[in-house]
Every structure is written in C-alpha cells, then in structure tokens.
Amino acid sequence: MEYRTLGKTGVRVSEIGLGTWPAGGSILLGGAPTGYGLVPESEVIRGIRRALDLGVNFFDSADSYGLGRSERLLGRAVADRRGQIVLATKGGWVPDGAARWMQDLSADHLRAAANRSRLRLGVDVIDLYQVHAVPVEGAETEAVLDALDELRTRQVIRLAGVSVGWDLKAGLRLVRSGRLDAIQVHFNLLHQGAARQLLDEAHRYEVGIVVSSPLAYGFLSGRYTSATVFGKDDWRSRLTREEVAARLDRVERLRFLAASGVRSLTEAALQFVLAHSAVSTTIPGFRGEEQVESLIDAQNAPALSDIELARARDLGKSWSRLSPG
C-alpha cells in the first residue's frame, strides 16, 4: 500500500481508503431508498478487516449511513487496530418528522452528533470529523467553522473538514477560509469538475483532499448495461432511464482505458483519481471481502499514460455534470 500526507496535518493515509455508505444498508425515508441495499454484518466486518490486513488505514463513514449502522460496524471491525488507523465520519443530516432528510448545521446539533458518533465508533476522539454536504454561505459558513473549532478545542475531534459533494463554490469558499484540515469532494472520470475548480486550490491552501465516489456510484465498474435493474432498496433505482443511459454512454466512451487488457475499467478509474497529485486518498465503497481485494489491487495496475490521461480529461471537459450524483 502507498501512503500520502493529508494536507498540512502530517497524518499519513493510504492512497486507497474505504467508504462505508454501503455498510449502512438501506432505509426508506419519504418512500425512497437511502443506500445500496442490505449488506450482512459479517460481510462488512470481514471486508474491513481484510482491508486492514492489506494496508488500508483510512475509513470514512457518516451518522446518516443506515442511521448509525455503518459507524457501529466500522467501530466493531477496527476495535483491536485502533492505534493504526484514521477514522473519519460526517454529520449534519437528520431525518425529520415527515420521513425526509433535513440539514441541521447548528453548533448544538453538531456537538451532539459528534458525541453520538464517538460512542458508535468506540473512540474518545474522532480523527477527522466532516460536516456533511454543506451548502453554506456568509454567516452560516463562519458558524459551521466555529462549531468545528469548538469540537477541536474540546478534543471531541482531532481534525476538521467538510464534505461538499458537488457544491464546488462552497468548497472553494471553505478551503480559502484557512480553517480546514480536509475537504471531501466527488471526483471521478464521469464528473471531473472538481479538478478544474477545487483540487488545485485545496492543494495551494494545504487542505487534505478525500475523494468520494471514485467509481461514480458503481457505474465505472463497467458491469452495468441498459438491461440492469436496480433493486427497490438501492437508491440508484430513482434514476430515470435517461439518466442511466447518459452514464452508460460516457462509460462506453471511456473503455479505451481498459482496451489493452493491462487493467480493468475499475482500476483505470481509481488510477485516474490518484493521478492528481493534490488527492490525499480516495474512498470507494465496498460490499464484501472480495470487492475490497479487487479495489486495493488497483494500486498494482499500470498507471495511465499521459496520452490516456489527456484523452480522458478532454472528454471530461466536454461533459456537463450529471444529476443526481
């Protein structure tokens, strides 16, 4: 396993970490699925422990993933390796009384949420706490940063970050504040906007970069076709036929990256993300031990050539962002 430094923190993190959204399973809010379907606890724990054995030391979760299930399973899986790893989680979303997600970025909520996350993860101090999907401006930005500073001062968290998803303007604003240790952003072959607007700026401000969705929610595995039907407990079942077709079309145009047979499309997708020197770590999701092994094997695949990178980036410049995700 190769390691990089998380911004100016001095913390060394594995280039390939693990995201644990799938580990949360899928609950229905407002009649809509919020995950990828149920993954048995035993598979989650075996997958995390296999990752530890293979050198992964960065794991990311959120209190909203299965309403705490992901954090609880992650805490159980790493309990005997705690001193060797970096645990990251996120907070800021809560289900409201109408069974929908509602954002609460108040200092009181973030304080309570971080403490609940500590208990589920089984730690005294959270290594990296990130405000989850934070579209804030002006005074709201300062209030969120103040809340994170308070959590650091109280030693509830060690490092502070934000997860901005696709909101690159919010990301730029927060990076330039000079008050963040890390930022989590979506970046992959299908959605390259972050590279044009955020990654270089974060690097300039020495903010660590955690890349989520490197496989574009699984589409860059190359497994899906127009005949694929996502289960009712999979959030991707909410995508329209046109939205799925747009993703599949882009995937087909990227298959040249795997045409030589020296790497798979999944490996090419991860190599593409890691080719950006500003990236500290990337956190693909997983459903079991075998998938963990294949993700980590991507480090051993041949790096993309300058010609391949240029062609992929040119395609990215010609594409608008797909929504949602």
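So, here's what we can say about the structure. (Residues numbered from 1 in each chain as written. Predicted model: local features only at pLDDT ≥ 70, side-chain atom pairs only at ≥ 80, totals over all residues. Heavy atoms only, no water.)

1. A few points about the pairing of strand S11 (residues 157-165)
Along S11, eight of the nine residues are buried, which leaves the element largely enclosed by surrounding structure. The pairing of strand S10 (residues 126-132) with S11 spans six bridges and is parallel. Residue Val131 lies in a different strand from S11, and its bridge partner there is Val162. As defined by bridge partners, S11 adjoins strand S12 (residues 182-186) across four bridges and the pair is classed as parallel. Paired with Val162 across the strands is Ile183, a residue of S12. Once you follow S11 into helix H5 (residues 168-175) and on to S12, the crossover reads as right-handed. (Buried < 20%, exposed > 50% of the residue type's maximum accessible area, 1.4 Å probe, protein only. Helix = DSSP H or I, 4+ residues; strand = E, 2+ residues; numbered from the N terminus. Pairing = 2+ DSSP bridges. Right-handed = clockwise from strand over helix to strand, strands pointing away.)

2. A closer look at the sheet that holds S11
Sheet strands pair by backbone hydrogen bonding; their relative direction is either parallel or antiparallel. Spatially, S3-S6-S7-S10-S11-S12-S13-S14 is the arrangement adopted by the eight strands of the open sheet, whose pairing is parallel. What marks the edges here is a single partner per strand, and that holds for strand S3 (18-19) and strand S14 (281-282). Across five bridges, S12 lies against strand S13 (residues 208-212) in parallel orientation. Pairing of Ile183 across the sheet is with Ile209, part of S13.

3. With respect to the side chain of Ser213
Position of Ser213 among the secondary structure elements: in the loop between S13 and helix H8 (241-254). Classification of Ser213 as buried rests on a relative accessible area of 10%. The residues contacting Ser213, other than those within four sequence positions of it, are His186, Phe187 and Asn188. (Contact = heavy atoms within 4.5 Å.)

4. Focus: the environment of Ala195
By the secondary structure assignment, Ala195 is in helix H6 (residues 193-197). Linking Ala195 and Ala107, residues 88 residues apart in sequence, is a C-alpha distance of 31 Å. Once you skip the residues sitting within four places of it in the chain, Ala195 turns out to touch Phe187, Asp200 and His276.

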